[in-house]
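Next come the chains, spelled out residue by residue.
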Amino acid sequence: MAQRSIGIIMNGVTGRMGYRQHLVRSILALRDEGGVPLRSGERVQVRPLLVGRDGAKLAELARRHDIADWTTDLDAALGDSQWDVYADFLVTKARAAALRRAIAAGKAVYAEKPTAETAPEALEIAALARDAGVPNGVVHDKLYLPGMRKLARLVRSGFFGRILSVRGEFGYWVFEGDGLPAQRPSWNYRAEDGGGIVADMFPHWNYVLENLFGEVRSVYARAVTHIPTRYDEIGASYPATADDAAYAVFELDGGVIAQLNSSWTVRVDRKELVEFQVDGTHGSAVAGLFGCRAQHRDGTPRPVWNPDLADSHDYAADWREIPDNEVFGNGFRAQWEEFVRHVVDGDPHPYDLLSGARGVRLAEAGLQSSRTGARVELAPLEAPRAMANGAAK
């Protein structure tokens, strides 16, 4: 009997994330291991169709990785019944239009974030997918990383007691491009092209916060452009019109307060590029992408503030490392496996387009707060229901 397979349209695989994480480390890794295991014990093989604008690049990727199918004609791919899933890794400005076309074609859709440039548009796309009855998912990769999974275990076990606060530091120095080349593409620093650290990172912070600690109910933020001039991929200077740093306070369900700094203009003095400290009545933890250190109240020292004497206590020694006592694979691949099972077996998949819309809304609210200087409250979000005349309510 021929092995069952699922066809996946992969749009935007010539980009950094689309190629490295989604194609090579996820879909091709799964293909080479025989596909995704299902509840029945069978496996469903994954068949990628590479889509993009540059046929020469697509042909080279297909040749390099022994992929049979590629095309520059997205509409033809969407109209072909052998392809079950549409996966989108395009730049933000192009994503919403492509998702609409895929939903209209009846494809299951899986997308990077942000899912749209504005919250109303992201909410509209979530509603379209729901009304069309198509399986849909949004990449929530940070939740699958070892440090976040260890932190989630501590939360589920009740280790923290009542969680009081979350403090997060994310970022690194992105070179301006006039000496050393920048580590990020120039469009990231142009608001007119969908750039900005708020648009990029607040959707991540939304799903991390709501899945570990509680949904975000308000935000107070200050977004700034610390470096006003940068240099693009060919060395030409350009004005940076998008924010390159943001400083925010979020209030969550249950009264938890989260403070998160996001910056492409900070030099790293921490163990990882992102770290979250969670403090509760019974214990605290500091988690990065890979490591997680914890301190229970029984092992908490009793600091005394004395500015006249140097403090010789080794505070770092009071924390214990949470061990790697399970196998942590690539987070992008792990979520791909879950999404394929969602499409094929109907397994639940909570990280949907509505979750993606909440992330876009948080970014929008953060920028609104920065413009007005006011705290912005966020009500529970629901996708609008379609009415007979085509309007929404």
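Thresholds applied
- Residues numbered from 1 in each chain as written.
- Predicted model: local features only at pLDDT ≥ 70, side-chain atom pairs only at ≥ 80, totals over all residues.
- Heavy atoms only, no water.
- Core = buried A, V, L, I, M, F, W, Y, C linked by side-chain atoms within 4.5 Å.
- Buried < 20%, exposed > 50% of the residue type's maximum accessible area, 1.4 Å probe, protein only.
- Helix = DSSP H or I, 4+ residues; strand = E, 2+ residues; numbered from the N terminus.
- Contact = heavy atoms within 4.5 Å.
- Pairing = 2+ DSSP bridges.
- Phe/Tyr/Trp six-rings, centres within 6.5 Å; stacked < 30°, edge-to-face > 60°.
- Lys NZ or Arg CZ within 6 Å of the ring centre and 35° of its normal.
- Patch = residues over 30% accessible without salt bridge, like charges linked within 9 Å, V, L, I, M, F, W, Y side chains within 5 Å.
- Areas by Shrake-Rupley, 256 points an atom, 1.4 Å probe, with all protein chains shown as cover.
- Salt bridge = Lys/Arg side-chain N within 4 Å of Asp/Glu carboxyl O.

**Focus: the nonpolar core**
Okay, step 1: Grouped together as the largest cluster of nonpolar side chains are 52 residues, with contacts concentrated most on Leu 151, Phe 202, Phe 213 and Phe 250.
Okay, step 2: Looking at which element gives the most residues to this core, the answer is helix α7 (residues 197–212), with 9 residues.
Okay, step 3: Beyond its immediate chain neighbours, meaning those up to four positions away, Leu 151 contacts Phe 160, Leu 212, Phe 213, Val 278, Ala 285, Ala 287 and Cys 292.
Okay, step 4: Grouped together as the second largest cluster of nonpolar side chains are 30 residues, Ala 96, Leu 99, Ala 116 and Ala 122 included.

**Quick look at the sheet that holds strand β13 (residues 257–263)**
Backbone hydrogen bonds are what pair the strands of a sheet, in a parallel or an antiparallel way.
Okay, step 1: The strand order β17-β16-β15-β14-β8-β13-β12-β9-β18 describes an open sheet built from 9 strands, whose pairing is mixed. Edge positions in the sheet fall to β17 (320–321) and β18 (376–377), since each of these pairs with one other strand and no more.

**A look at unusual backbone geometry**
Okay, step 1: The omega torsion of the bond from Lys 113 to Pro 114 falls at -5 degrees, within 30 degrees of zero and hence cis.
Okay, step 2: Although it is not a glycine, Asp 66 sits at a positive phi angle of roughly 55 degrees.
Okay, step 3: Considering the arrangement of structural elements, one finds Asp 66 in the loop between α2 (55–64) and β4 (69–71).

**Some details on the packing of aromatic side chains**
Okay, step 1: For the coordinates displayed, the defined rule picks out 10 aromatic pairs.
Okay, step 2: Taken together, a centroid distance of 5.3 Å and an interplanar angle of 70 degrees make the contact between Tyr 189 and Trp 264 edge-to-face. Taken together, the residues Tyr 189 in the loop between β8 (163–171) and α7 and Trp 264 in the loop between β13 and β14 (274–280) connect sequence positions 75 residues apart.
Okay, step 3: Using a relative accessible area of 1% as the deciding quantity, one classes Tyr 189 as buried.
Okay, step 4: Residue classification places Trp 264 among the buried positions, given a relative accessible area of 0%.
Okay, step 5: An angle of 80 degrees between the planes, with centres 6.4 Å apart, marks the rings of Trp 336 and Phe 339 as edge-to-face. Note that Trp 336 and Phe 339 are positioned in helix α8 (residues 331–345) at a spacing of 3 residues, about one turn of the helix. Assigned by exposure class, Trp 336 and Phe 339 land together as buried.
Okay, step 6: Aromatic rings pair up to connect Phe 170, Tyr 172, Trp 205 and Phe 276 into one cluster.
Okay, step 7: The positively charged end of Arg 190 is found above the aromatic ring belonging to Tyr 238, 5.2 Å away from the centroid.

**Focus: a nonpolar patch on the surface**
Okay, step 1: A grouping of Tyr 220, Val 249 and Ile 257 is seen on the molecular surface, where their side chains present a nonpolar patch of about 220 Å² in accessible area.
Okay, step 2: As for its placement among the helices and strands, Tyr 220 is situated in strand β9 (residues 216–224).

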